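Chain by chain, the residues run as shown.
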Amino acid sequence: MITARAAATFEPVARSVATARAFVRDTLQGWGYTDVVDDAVVLTSELVTNAVIHAGTAADVLCLRTEDGVRVEIADHYPEREIPLQTAGLDLGGLDSENGRGLLLCAALASRWGVEYSPTRKHVWFQLDLPDRPVGVRSAGPLLPVGLLPVTDERVRVAVVQIDSEGAVAAWNDDAAYLFGYTADQVTGKQLADFTAWPQTPGTSTGIADALRLSRWEGSYGIRGADGRTIPVYGSHLRVRDPQGEPSTVCLLVRDYERAVLQTPARTPVSDTAESRKTDPFEVFIGSPAPDDLDGLLQRTVERARDMLDADAAFLLLATDDETELEVRATTGLPSARQRFARVPVEAGTGRYGSARMPAVHEDLDAVPGAVPLLGNTGMRSVVTVPLKVEGRLTGSLGVAAEGAGRYSNEEALRLQFAADRIALAVESARLGELERLRRGSLSFLVEASDLLAGTLDRDQTLALMAQMTVPTLATWCAVYTIADPASDPELSYVLHEDEERIDGLKSLLTRIPPPEPVRTPGARVWAAPSQAAHEAALRTSMRSIGIGDPGGLGSTTRTTLATAAAVGGETVVLPLVARNRVIGMLTLGKPSDDHFRQEILELAEDLSRRAALALDNARLYSERTAISQSLQRSLLPPGLPAVPNVEVDVIYRAAGEGNEVGGDFYDVFPIRDGAYGFAIGDVCGTGPEAAAVTGLARHALRLLAREGFGGPAVLERLNAAILDEGTRSRFLTLLYGELWPQEDGSALLKVVCAGHPLPLRLRQDGSVEPAADPQPLLGVMEDLELYEQTFTLEPGDVLLCVTDGVTERREGTRMLGDDGLADVLAHCTGLTAGAVAARILRAVERFAAEPPSDDMAILTMRVPEPH
């Protein structure tokens, strides 16, 4: 009876053979058929090779699970194969033949096998039966005295967590609630990744999403509990399908030190046959299949080394390229979170690792404190360490340790050295592969970071980008300090944590401690103040919570303080932000719970800090210059509109160009003397700062000349002379200038001069629109101008509309709004207030074309209201 099936098709390329092997291995391990995995993989490899290499077609692989074993079928699609006669014997080929060896292997390894032919297909299948075993026995260990059995703190709790196809928690049992502090209601529907501290370096290893998609996965990671602490766990994942066919993953989790409950025992050879003696020593030590990533390989190495010498702990350090330092990369039985990526010097001396280049046995570390810095304050007393070497070059160090003294001798050192020699080359190859992936990932990261930083000149956005690019890729939390000028103290400008609930507590902590010293020296330096302050605050809070010391401050802050201490408890580094030979700030990166930064990450952070510093300084310079420009431009605008008796006045002004508040168009309304008001609207040739300079000259000259008692023509003639005096800086200027006298009967008397400007339009109550002035020469062209003013009266309900050519010359392709189009819009504004008329004109201009306006615009409206 077939109880499960899995199928896949592999393209006719060489790499498909390895992919097919992995498919069969993962499938059978997921079904629990580890006893026949190796034979099935060997047979699959040969038969798929025949299909994709020799036959040159795709290969279909089908795995069928039965109660007694597994059946694997491999088919190719070769179209011109001759079908053998029923009476002909099947030639399996000889041992030295290039063909037929896959069938020889089937005959040697499989319980049953066969070949089926069709005109377009060859179908080879083999059956592997499970070996007979006593019922209920998978593996067993020797009898042990009660005193040697592992000790647990309480009853062993196994958390059972089911994850749906989207990575969200679907089920959460009582043991999971006990271990991690969350009830089922709190976590159901949330992503498992939100609670997981996955042991992954950027660009390497397998992520949690990838692990959840594997048919079976087993290993160590961490779960962030409700109290903010990370709980190391050992997990066993099994991928299953529900009755509807939807995939999900069942995760069994125990405390990491109770891993024996779930950990799959290593397979041991059943006999010392000639074939087993030919097995690669590396595979004997690491197991098969060997992990395909560096972190997995190193972790498997320390676990096997610990088991091989019956130790309490094991550790593996990798050497830097210059062999001057060793970096902790894998531990078991030790607080790995505290030590991971920590570095110790190789040379002899206090706090150094003098025995790294040769095998060494320390019978009692209490007699030689500091001989192995990694084991300080861990309770370990006896230790044996051996070097990992490739072609005579130190590449790492492997060690095992025990809590008792005198546990190891030279014999154990030789055994460990033999194992280290077997794995050194594989470890170095995996390390170089990881470095290459990191370098490629770092280059891609820096390119993307440069693009993002170059895309903004806003200071606040630049600060946010700096933090968001570092968290969580490079660090768990980040703080950016800025320095306004050399005489200023550093100011905390931005704080970010990968857990948003920790940001407020982190910001509060950092504001209570002095900022780091601004040092121009490049590179990262350790800053201990945040960790010390967090630990002191946590200690005070804990003492108050148990009634020691000042009881003030108890309550919700207790939990926040403890969570902040855990978040900031690791290594904190500071990188200077240097731009244009000045320290403009510091980039601070932190890790949680005694964690350390690896050197490659610090080098990447240093590269990022240089780019970020330049982007931040560019944003500062841009902000300063923009502020200065806007301040100067605002000084060119009228401070406000005066209240004119019995006349409504409104203005809408739009300057073209990003960041411009004033352009070549301008307006003004101002009192001249009692009962008289001046108004003007003009347009300087061009846009930008040069046009704005003429704008300031014109507006201030108009006010001064009008208040000196000059009439409209005299004012404009003198302004014309002032513009011409500017020489090469002078610009043409069109100007509508007028004077307004409100009358006692409710009307308003106006005198206007239109010097080359679009004519003002008068809207009467009956809806008729007519020009209110005649055109005259513009300013800034001729020295001798003879201008005249025209007088008219605005009756109650009449509107005077004055605009610049940015309104009348609004274009959409070959169409232009023009004077006639403006008059049509104004004709429909009867009865509207001055502000409503200006708003309707602006809306008509904006809707006339899809593109935003490219010219400055000013709209000045005056209306004499009707009596109530």
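A quick note: this is a predicted structure, and the numbers were derived from the prediction, not measured.

Side note on the sheet that holds strand 1 (residues 2-10)
One open sheet holds the 5 strands; their spatial order is 1-2-3-5-4, and the pairing between them is antiparallel. A strand with exactly one partner marks an edge of an open sheet, and here the two such strands are strand 1 and strand 4 (112-118). On average, adjacent strands in this sheet sit at an angle of 15 degrees to one another, irrespective of strand direction. Bridge analysis of strand 2 (residues 59-66) against strand 3 (residues 69-76) gives 6 bridges, and the strand direction is antiparallel. Paired with Leu 64 across the bridge in strand 3 is Arg 71.

Brief notes about a nonpolar patch on the surface
Together, Phe 732, Val 781 and Met 782 make up a nonpolar patch on the protein surface, roughly 270 Å² of accessible area in all. Mapped onto the fold, Met 782 is located in the loop between strand 29 (769-771) and strand 30 (790-794). On the basis of relative accessibility, which here comes to 39%, the residue Met 782 falls in the partly exposed class.

Regarding the state of the cysteines
Taken as a whole and assessed by the stated rule, the structure comprises 0 disulfides. This cysteine, Cys 802, is not joined by any disulfide, and Cys 754 carries the nearest cysteine sulfur, 8.7 Å off. Overall, the relative accessible area of 1% leaves Cys 802 in the buried class.

A closer look at the environment of Leu 64
One can find Leu 64 in strand 2. The spacing of Leu 64 and Ala 4 is 60 residues in sequence and 5.9 Å in space, taken between C-alpha atoms. Those residues in contact with Leu 64 that sit more than four places away from it in its chain are Ile 2, Ala 4, Arg 5, Trp 31, Gly 69, Val 70, Arg 71 and Glu 73.

Looking at the pairing of strand 34 (residues 857-863)
The element strand 34 is largely enclosed, with a buried count of 7 among its 7 residues. By the bridge criterion, 5 bridges tie strand 31 (residues 799-803) to strand 34 in an arrangement that is antiparallel. If you follow Leu 800 over to strand 34, its bridge partner there is Met 862.

Some remarks on the packing of aromatic side chains
Aromatic ring pairs: the centre-centre distance and the angle between the two ring planes describe each pair. Inspection of every chain in the model, using the stated rule, returns 6 aromatic pairs. With centroids separated by 5.8 Å and ring planes inclined at 55 degrees, the aromatic side chains of Trp 172 and Phe 180 adopt a geometry described as tilted. Exposure remark for Trp 172: the relative accessible area of 10% places this residue in the buried category. On the basis of an interplanar angle of 50 degrees and a centroid distance of 5.8 Å, the ring pair of Tyr 653 and Tyr 667 is categorised as tilted. Of the two residues, Tyr 653 is situated in strand 23 (residues 648-654) and Tyr 667 in strand 24 (residues 665-673); the sequence distance between them amounts to 14 residues. Across the pair, exposure class does not vary: Tyr 653 and Tyr 667 are buried alike. A cation over a ring is seen here: Arg 71 above Trp 125, with NZ or CZ 4.1 Å from the ring centre. One cation-aromatic arrangement involves Arg 422 over Phe 418; the distance from NZ or CZ to the ring centre is 4.5 Å.

Reading the values: the criteria
- Residues numbered from 1 in each chain as written.
- Predicted model: local features only at pLDDT ≥ 70, side-chain atom pairs only at ≥ 80, totals over all residues.
- Heavy atoms only, no water.
- Pairing = 2+ DSSP bridges.
- Helix = DSSP H or I, 4+ residues; strand = E, 2+ residues; numbered from the N terminus.
- Axes fitted to C-alpha atoms, helices over the stretch in contact; angles between N-to-C directions.
- Patch = residues over 30% accessible without salt bridge, like charges linked within 9 Å, V, L, I, M, F, W, Y side chains within 5 Å.
- Areas by Shrake-Rupley, 256 points an atom, 1.4 Å probe, with all protein chains shown as cover.
- Salt bridge = Lys/Arg side-chain N within 4 Å of Asp/Glu carboxyl O.
- Buried < 20%, exposed > 50% of the residue type's maximum accessible area, 1.4 Å probe, protein only.
- Disulfide = S-S within 2.5 Å.
- Contact = heavy atoms within 4.5 Å.
- Phe/Tyr/Trp six-rings, centres within 6.5 Å; stacked < 30°, edge-to-face > 60°.
- Lys NZ or Arg CZ within 6 Å of the ring centre and 35° of its normal.

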